[in-house]
Amino acid sequence: MWWTVQGRLKNLRYTGHVDQLKTLVQYRRGESDLICRGGRWYLIATCEVPDPEVYEPVDFVGVDRGIVNLATTSDGTNYQGRRLSRYRRRQARKRTELQKKQTRSATRRLARRTQKEQRHGTHVNHKISREIVSVAQRTGRGIAVEELGGIRERVRLRRDQRATLSSWPFHQLGEHLRYKARQAGVPFMEVDPRHTAQRCPRCGHTEKANRSTREHFRCRRCGLAGPADHVAGVNVRNRGARSAWVFVTAPAPSP
């Protein structure tokens with residue numbers, strides 16, 4: 001039964017992907033909404049799908065999140081953000097042009113462009129998180145990320161850098177990784193982010209001078225060198241595998 005402006009309608013037929021229809025039959029809860037968006041009709045339904053049991057990981061995939069590189073894993077996989085940054089700058093220029101016109105048509109186009117930019121950024125994060133979770137599940141590993149909550153309040157930036165930081169989608173990427181990992185039964189955890197880009201994963205030497213530039217890392221003690229984001233991802237993996245996961249899964253001490 002569907003509620004419409006013309007009253008209640010019954011026995012309306014709809015279709016979708018086979019897996020989606022199967023999920024609706026098994027786990028659908030409460031009422032559903034039928035909406036029209038962009039000339040297409042969508043059925044929005046609430047489904048309570050039970051989470052699979054989380055397995056014991058053999059290791060972790062460390063994920064370092066950034067602005068230039070949206071995500072870099074400890075395996076060396078790099079998801080660059082240059083294309084997304086160019087897209088956001090182009091959209092910002094278009095917004096400025098439309099805002100200067102101050103017409104009703106320009107206002108409508110401005111709203112459509114804003115929604116389009118949000119959808120594009122969400123799509124990029126979905127794609128990255130899906131690939132990372134898939135690799136972790138296939139190899140029996142967990143996922144470890146940096147805990148970056150409150151980073152916008154902790155850092156001080158120049159005026160020309162504020163828009164870049166405000167549009168940095170690190171939180172959304174982290175949430176996508178979290179819920180996709182939960183759906184796949186992949187262990188997920190956040191670790192301490194301090195000095196992950198300055199610590200040598202081989203000898204443990206931590207110094208600001210180890211990262212002379214944004215792209216390169218070179219340990220002043222043992223000479224280990226490599227891409228800085230990859231080194232940070234390795235440090236995140238090590239923190240997840242060596243200490244943090246033990247405390248998360250350890251049984252509560254008896255009184």
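In the block above lies the structure referred to throughout.
Residues numbered from 1 in each chain as written. Predicted model: local features only at pLDDT ≥ 70, side-chain atom pairs only at ≥ 80, totals over all residues. Heavy atoms only, no water.

Once that is clear, we can look at the overall build of the protein chain. Helix and strand content of the protein chain: 7 helices and 11 strands. Scored against the burial criterion, the 255 residues of the protein chain give a buried share of 31%. Summarising the internal contacts of the protein chain: among those between residues at least 6 apart in sequence, 57% fall at separations of at least 24. Roughly 17500 Å² of accessible area belongs to the protein chain as shown, and the carbon and sulfur atoms make up 49% of that amount. (Helix = DSSP H or I, 4+ residues; strand = E, 2+ residues; numbered from the N terminus. Buried < 20%, exposed > 50% of the residue type's maximum accessible area, 1.4 Å probe, protein only. Contact = heavy atoms within 4.5 Å. Areas by Shrake-Rupley, 256 points an atom, 1.4 Å probe, with all protein chains shown as cover.)

Glancing now at the nonpolar core. Membership of the largest hydrophobic core comes to 18 residues, with the highest contact counts inside it found for V63, A71, I128, I132, I143 and L177. Those elements that place two or more of their residues in this core are β5 (60-65), β6 (69-73), α3 (104-139), β8 (142-146) and α6 (170-184). Tallying contributions element by element places α3 first for this core, with 5 residues. (Core = buried A, V, L, I, M, F, W, Y, C linked by side-chain atoms within 4.5 Å.)

For S74, the location among the structural elements is in the loop between β6 and β7 (78-80). Excluding residues that lie within four positions of it along the chain, S74 makes contacts with F60, V61, G62, H230, G233, V234 and R237.

Attention now moves to the pairing of β5. Within β5, 6 of the 6 residues are buried, which leaves it mostly tucked inside the rest of the structure. Both faces of β5 are covered, namely the face carrying F60, G62 and D64 and the face carrying V61, V63 and R65. As paired elements, β5 and β8 share 4 bridges and run parallel to each other. Looking at the pairing, V63 lines up with V145 of β8. By the bridge criterion, 3 bridges tie β5 to β6 in an arrangement that is antiparallel. The residue of β6 that forms the bridge with D64 is T72. Counted between consecutive antiparallel strands, the loop separating β5 from β6 contains 3 residues. (Pairing = 2+ DSSP bridges.)

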